[in-house]
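Observations on the model geometry
Chain by chain, the residues run as shown.
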Amino acid sequence: MMLNNSDWYDLARETNWTPTYVEEADLFPREISDPYDIPVTEWEKFDEPYKVTYRDYVRTQREKDVGAYSIKSALDRVSFYKSADPGWKALLQLHFGAIPFVEYGSVSAFARMTRFGRGPGMRNMASFGTLDEIRHTQIQMFFGYEFLSVDRAFDWAHKAPNTDNWVVISERHTFDDVEHTRDAVSAAIMTNFSFEQGFTNLQFIALSADAKRNGDHSFSAMLQTVQSDEARHAQIGEPLLEIMIENGKLAEAQRLVDISFWRVWKQFSALSGVGMDYYTPLAKREHSLKEFVEEFVCQQFSRNLKALGLDKPWYWDEHFLPDIETYHHAQHLGMYLYRKTGWWNPVAGVGPAEREWLEKKYPGWNETFGEVWDVITESILSGQLDKTEPSVLPMICNMSGLELSGVPGKKWNVKSHFVDLDGRRYHFGSAVDKWIFELEPSRYRSHKSLVDRFVSGVIPQGDDAVYEYMGMAPEERGRCAEDFAWAEAFRNRKVA
Ligand code: MN
Ligand code: MN
C-alpha cells in the first residue's frame, strides 16, 4: 500500500540529529548559521509553505523543461532575432549578459542555506532552490547562446562574470552583499523575500508579457518557467521573518529588508526599467515600469510586508516613490551616452511617438529628461556625433555602482551625498545608499568603483585602457542600434 505524502513528509525531513563526532557549534557556526541566537527548537518550527517531494519535484521540473525547450526547438529563433526590432534585440543582449551569472550565483546562495540553515524545513526548501537555480542558469545560457552566430553580444551570457565591466561590477557588488556574504538567515531574507518575492515578478512576469506581445514566444516561455520556480522558493523568506519576529528580532528583520529592498531596486530599475520603457517597441509595451512596480511592488509586496507585521522601508515615501518615476530615465540617458562601455547596442527609444508615451506615463518627462534628449537630438541632426559621447568618466555611486544621477531640466535636484573615511571620500547616488554604507562601513569600505580604479591607477591611462580593463574588444563595445536614424523624425519639426 502506498502511503500518502502527508503521512511521512514531516517525519522524513526531521533531520536535526544530535552530532556526536563534532560540536554542534562547529557543525553550524554561529556567524554562518544564526548570529541572532534563536533556539534551534524555534527554527524547527519552519514549516514549508510549499511541500513537495523529491520525486514530484523532478517530475514537474522535467515537464517544465520539456515545455520550454520544445517551444524553442519548434521555432526558428535565429530568423526571429534577425528580423526583430532593434530595441528588442538590445533588450535580449542586455538580458542575457546581465542575468545568467546572477542565477548561477544563486546556486551557491541556496546551497549555503541548505548546509547552514538550522531548520530542517528551510534546508529542504533550499535544496530544491539550489536545483532550481542550476536550471535557470542552464536554460538561460542555452537560450542566449543560440544567438551567438548572429551577434557576439551573446558571448556575454558566459563571459560577463569573468570581466570587470562596470555593469557587472555593479551587479556583483549588489548580489554579493545580498546573497553571498551574510549568514544563512540574513541572506535568505534578503534573497528570498526582498529580491525574489519583491522584484523577480517584474523581470519574469512583466517581461514575459512584453515578450509574448513581441512574438518572442520562446523567450516568454523561458521567463515563465523560471518564474514558476522563483514563486515557490521565494517562500523561504516569510517563515524566517515570522520566526525572527516571534523571537524578538523585529528590528533586525526590518533592517535586512530595508537594506536589500533598496539594493535590488536599483538593479531592477536600471536594467529592467530601461528594457521596459525604452527598448521594448512602443506598439508592444504592456505597461510602463511605473505601472508594473505599482502592481507588483507597491501593492503586492507592501501587502506581504504588512501581513508579517513589518513596515515599509523607512525611505519609501521620500526616496523610493520618487525614484520609480525618475531613476531609470536618468540611467537610460547614461547608458545611451556611455554606450561604448556596454556589451549591448542600445536604442534611444525617444522618437516623437515614444516621447508622447513617456510624457503620458511620466508627466513632466519632456521638461526634464526630454530636455537632455533635445540637445542630443540636435547634436545628431547637425552632424556633431562626437557630442553624443561624453569624454570623461561619470561619477559612480560607491554603493550601487551605477552612475550618480538626478532629474535634469527644470527639476534639477542633484544633491551630493558622501562620507569621508580615513582619507577617502565615498560618493553615493542617494541618501539611502549612504545610509547603507554607514550601517557597516567595514563591509563596503575596501570596494573601489570603476572610476576609483581609474583614478588610483589600477586601470592604466590611455584611450583604450578602460575598455581593455573591462574585457571589451573594439567589436564588443556598444553603438547606437539604429545608427542615429531615430533622430531623423525630428529634422523638419521643431524639437519639442
Ligand atoms: Mn533564479
Ligand atoms: Mn531564485
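The structure this text deals with has already been given above.
What comes next is a walk through the structure. (Residues numbered from 1 in each chain as written. Chains lettered and ligands numbered in written order. Predicted model: local features only at pLDDT ≥ 70, side-chain atom pairs only at ≥ 80, totals over all residues. Heavy atoms only, no water.)

Overview of the coordination of the manganese ion (ligand 2)
Taken together, Glu 133 (OE), Glu 196 (OE), Glu 230 (OE), Glu 230 (OE) and His 233 (NE2) make up the protein donors of the manganese ion (ligand 2), found 1.9 to 2.6 Å from the metal. Donor residues binding the manganese ion (ligand 2) come from one chain and are separated in sequence as E-x62-E-x33-E-x2-H. A gap of 3.3 Å separates the manganese ion (ligand 2) and the manganese ion (ligand 1), which Glu 133 links by coordinating each metal. In this pair, Glu 133 is assigned in helix α9 (residues 120–145) and Glu 230 in helix α13 (residues 217–233), connecting sequence segments 97 residues apart. Here Glu 133 and Glu 230 have matching classes, each one buried. (Donors = N, O, S within 2.8 Å, 3.2 Å for Na, K, Ca; no water. Helix = DSSP H or I, 4+ residues; strand = E, 2+ residues; numbered from the N terminus. Buried < 20%, exposed > 50% of the residue type's maximum accessible area, 1.4 Å probe, protein only.)

Concerning the pairing of strand β1 (residues 417–421)
Sheet analysis places β1 next to strand β2 (residues 424–428), joined by five bridges and oriented antiparallel. Directly across from Asp 420, in β2, lies its bridge partner Arg 425. Counting the residues in the hairpin turn of β1 and β2 gives two residues, including Asp 422, whose phi is positive at 50 degrees. (Pairing = 2+ DSSP bridges.)

Some details on the packing of aromatic side chains
Taken as a whole and judged by the stated rule, the model has 33 aromatic pairs. A centroid spacing of 5.5 Å and a plane angle of 15 degrees characterise the contact between Phe 199 and Phe 268, whose relative ring orientation is stacked. With Phe 199 in helix α12 (residues 184–213) and Phe 268 in helix α15 (residues 250–279), this pair connects stretches of sequence that are 69 residues apart. The exposure class assigned to Phe 199 is buried, which follows from its relative accessible area of 0%. When the ring of Trp 265 is compared with that of Phe 320, the centres are 5.1 Å apart and the planes differ by 85 degrees; the resulting orientation is edge-to-face. With a gap of 55 residues between them, Trp 265 in helix α15 and Phe 320 in helix α17 (residues 316–337) connect regions that are remote in the sequence. Accessibility expressed as a relative area gives 0% for Trp 265, which makes it buried. On the basis of relative accessible area, Phe 320 is assigned to the buried category, the value being 0%. One cation-aromatic arrangement involves Lys 266 over Tyr 327; the distance from NZ or CZ to the ring centre is 3.3 Å. Above the plane of the ring of Phe 418 lies Arg 425, whose end atom (NZ or CZ) is 3.8 Å from the centre. (Phe/Tyr/Trp six-rings, centres within 6.5 Å; stacked < 30°, edge-to-face > 60°. Lys NZ or Arg CZ within 6 Å of the ring centre and 35° of its normal.)

Concerning the coordination of the manganese ion (ligand 1)
Around the manganese ion (ligand 1), the donor atoms from the protein are Glu 103 (OE), Glu 133 (OE), His 136 (ND1) and Glu 230 (OE), and they sit 2.0 to 2.3 Å away. Donor residues for the manganese ion (ligand 1) sit on one chain with the sequence pattern E-x29-E-x2-H-x93-E.

Quick notes on a nonpolar patch on the surface
Together, Tyr 54, Val 58, Leu 131 and Ile 134 line one region of the surface with nonpolar side chains, adding up to about 340 Å² of accessible area. Where the nonpolar patch is concerned, the elements lending two or more residues are α5 (54–74) and α9. By relative accessible area, which is 32% here, Ile 134 ends up partly exposed. (Patch = residues over 30% accessible without salt bridge, like charges linked within 9 Å, V, L, I, M, F, W, Y side chains within 5 Å. Areas by Shrake-Rupley, 256 points an atom, 1.4 Å probe, with all protein chains shown as cover. Salt bridge = Lys/Arg side-chain N within 4 Å of Asp/Glu carboxyl O.)

Details of α17
Its 22 residues place the ends of α17 30 Å apart at the C-alpha level, agreeing with the 32 Å of an ideal helix rising 1.5 Å per residue. Bending of α17 peaks at approximately 60 degrees at the position of Ile 324. With 16 of 22 residues buried, α17 is to be regarded as a mostly interior element. (Expected span 1.5 Å × (residues − 1). Bend = angle between axes of the 7 residues up to and from the residue.)

Comments concerning the environment of Cys 397
Within the secondary structure, Cys 397 is located in the loop between α19 (369–381) and β1. The buried category is assigned to Cys 397, whose relative accessible area is 2%. Between the C-alpha atoms of Cys 397 and Phe 418, which are 21 residues apart in sequence, the distance is 9.5 Å. Among residues more than four places away in sequence, those in contact with Cys 397 are Leu 402, Leu 404, His 427, Phe 428, Gly 429 and Asp 433. (Contact = heavy atoms within 4.5 Å.)

Some thoughts on the nonpolar core
Counting residues in each nonpolar core, the largest one holds 132 residues, and the members touching the most others are Phe 219, Ile 236, Phe 320 and Trp 486. At 15 residues, α15 tops the list of elements feeding residues into this core. With residues up to four places along the chain from it excluded, the contact list for Ile 236 reads Phe 46, Phe 110, Met 113, Met 122, Met 125, Ala 126, Ala 188 and Asn 192. (Core = buried A, V, L, I, M, F, W, Y, C linked by side-chain atoms within 4.5 Å.)

Notes on the packing of α12 against α15
Running from N to C, α12 and α15 point in directions that differ by 20 degrees, and their axes come no closer than 9 Å. Judged by the angle between their axes, α12 and α15 are roughly parallel. Crossing geometry of α12 relative to α15 is assigned as right-handed. In the contact of α12 with α15, the residues fall into 16 nonpolar, six polar and one charged. (Axes fitted to C-alpha atoms, helices over the stretch in contact; angles between N-to-C directions. Parallel < 35°, antiparallel > 145°, perpendicular 65-115°, else oblique. Left-handed = near helix turned anticlockwise from the far one by under 90°. Nonpolar A, V, L, I, M, F, W, Y, C, P; charged D, E, K, R; others polar.)

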